[in-house]
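Each chain is listed here by its residues.
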Amino acid sequence: MAVTETPLRPFVEDQVWAKRIRLKFPSKWFGAQMGSRMTVMRLSDGGLFVHSPVGLDPVLKAAVDALGPVRYVIAPNRLHHLFVSDWVAAYPDADFWCAPELAKKRADVPWTGVLGDGPEPGWATDIDQAALRGNRFMTEILFHHRASRTLVVTDALESFHRTDHGPLACALARLGGVWERAGYTRDQRLMVKDRAAFRRSVERVLVWDFDRIVLAHGHLVERDGKRVFREAFGWLGFKHSRL
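What you see is a predicted model; the values in this text were computed from it and never measured.

K.L.:
How do you make sense of the sheet that holds strand β11 (residues 140–145) when you look at a structure like this?
P.N.:
Hydrogen bonds along the backbone pair up the strands of a sheet, which may run parallel or antiparallel. Taken together, the four strands give an open sheet; going across it, the order is β10-β11-β12-β13, and neighbouring strands pair in mixed fashion. The two strands at the open ends of the sheet, each matched to only one other strand, are β10 (127–132) and β13 (212–215). Going across the sheet, the axis of each strand differs from the next one's by a mean of 20°, ignoring polarity. Summarising the sheet, β10 and β11 pair through six bridges and their orientation is antiparallel. The residue bridging Ala131 from the neighbouring strand is Ile141, located in β11. Sitting on the sheet, helix α6 (residues 195–207) is in contact with β10, β11 and β12 (150–153), with an inclination near 165° to β10.

Encoded structure:
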């Protein structure tokens, strides 16, 4: 089984769009084909906020341009940056923002700035932002599109499903705790060196008023997103929290 590539399609009408792709190297995970997903969010001024961009071809560019002007392109963690250069070439007037580890790793990209714990002025009216801190491997930046009540993540939540992957990937997903459910993989949990900082980051996200979640890896969560997110971090003690 393989991840299916999809067109840019609406997730929340006239507000949020997503495109899922197949990936070549380094997409093979123990023989399993993995994919990724880009999210496009409309800002209140009509501009577009592009999260975890995928490879840009003429068909995708035309679809994006039909939605509005690209204002911001976001590389939200150290792993989701492979196609940024395509977008720099296509949208030289856009601003490009990266997760902390990428400033040096991708010094070839003319970054506008480095993402932190709070939203930049250009999107602060429409999007909440928080850094998921405490993981020694990487810091991921999470976003909440307020108008659509949509949380957008890359590797903070993942899920694997029988419809997308073969037996080996499914077995590994079971070991990782992300088989047929969204979760923070067990190998990632081992990378959490500062549990208190990590918990504070999760608490910030749980305060946001979201109901949907876009995952870069896994099925879209169309309802009960707050519950899904809380249960994914139940190992931190949030399952029965008031948050």
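Now that the structure is up, let's keep going.
K.L.:
Which parts of the structure should I look at to understand helix α7 (residues 225–232)?
P.N.:
At 3.6 residues per turn, the α-helix brings residues three or four places apart onto the same side. Judged by how many residues are buried, α7 sits mostly within the fold: six of eight residues are covered. All of the buried residues in α7 are Gly225, Lys226, Val228, Phe229, Arg230 and Ala232. Contacts from the buried residues of α7 go to β11, β12, α6 and β13.

K.L.:
Looking at this structure, I do not really get the pairing of strand β2 (residues 16–22). What am I missing?
P.N.:
Successive residues of a regular strand alternate their side chains across the two faces of the sheet. Buried residues dominate β2, accounting for six of its seven residues. Sheet analysis places strand β1 (residues 9–12) next to β2, joined by three bridges and oriented antiparallel. Paired with Arg9 across the strands is Ala18, a residue of β2. As judged from the seven bridges shared by β2 and strand β5 (residues 35–42), these two strands associate in the antiparallel manner. Note on β5: the bridge partner recorded for Ala18 is Thr39.

K.L.:
Could you clarify how one ought to interpret the side chain of His51 in this entry?
P.N.:
Among the structural elements, His51 can be located in strand β6 (residues 48–51). By relative accessible area, His51 is classed as buried at 1%. Non-local contacts of His51, meaning those with residues more than four positions away in its chain, are made with Met38, Thr39, Met41, Ile74, Pro76, Phe143, Val152, Val153 and Thr154.

K.L.:
Sorry if this is basic, but what is going on with the sheet that holds strand β8 (residues 95–98) here?
P.N.:
Here seven strands make up an open sheet; going across it, the order is β1-β2-β5-β6-β7-β8-β9 and the pairing mixed. Unpaired on one side and paired on the other, β1 and β9 (113–114) mark the two borders of the sheet.

K.L.:
Would you take a moment to explain a nonpolar patch on the surface for this structure?
P.N.:
A grouping of Leu79, Phe137 and Met191 is seen on the molecular surface, where their side chains present a nonpolar patch of about 230 Å² in accessible area. If you trace the backbone, Met191 turns up in the loop between α5 (186–190) and α6. On the basis of relative accessible area, Met191 is assigned to the partly exposed category, the value being 31%.

K.L.:
Would you take a moment to explain the pattern of salt bridges for this structure?
P.N.:
Under the counting rule described, the total for this entry stands at 10 salt bridges. Two residues, Asp45 and Arg71, come together in a salt bridge whose shortest N-O distance is 2.8 Å. On the criterion of sequence distance, the pair formed by Asp45 in the loop between β5 and β6 and Arg71 in strand β7 (residues 70–75) is long-range, its members being 26 residues apart. Taking the relative accessible area as the measure of exposure, Arg71 reaches 32% and is therefore partly exposed. One salt-bridge network, held together by shared partners, links Asp117, Arg133 and Arg204.

K.L.:
Is there a simple way to think about the packing of α6 against α7 in this case?
P.N.:
Each pair of packed helices can be summarised by the angle the axes make with each other and by the distance between the axes. For the pair α6 and α7, interaxial distance at closest approach is 10 Å and the crossing angle is 170°. The pairing of α6 with α7 is recorded here as roughly antiparallel in orientation. Residues Val202, Val205, Leu206 and Val207 of α6 touch α7, and the partners they reach there are Lys226, Phe229 and Arg230. Residue composition of the contact of α6 with α7, grouped by class: five nonpolar, no polar and two charged.

What counts, and at which threshold
Residues numbered from 1 in each chain as written. Predicted model: local features only at pLDDT ≥ 70, side-chain atom pairs only at ≥ 80, totals over all residues. Heavy atoms only, no water. Pairing = 2+ DSSP bridges. Helix = DSSP H or I, 4+ residues; strand = E, 2+ residues; numbered from the N terminus. Axes fitted to C-alpha atoms, helices over the stretch in contact; angles between N-to-C directions. Contact = heavy atoms within 4.5 Å. Buried < 20%, exposed > 50% of the residue type's maximum accessible area, 1.4 Å probe, protein only. Patch = residues over 30% accessible without salt bridge, like charges linked within 9 Å, V, L, I, M, F, W, Y side chains within 5 Å. Areas by Shrake-Rupley, 256 points an atom, 1.4 Å probe, with all protein chains shown as cover. Salt bridge = Lys/Arg side-chain N within 4 Å of Asp/Glu carboxyl O. Parallel < 35°, antiparallel > 145°, perpendicular 65-115°, else oblique. Nonpolar A, V, L, I, M, F, W, Y, C, P; charged D, E, K, R; others polar.

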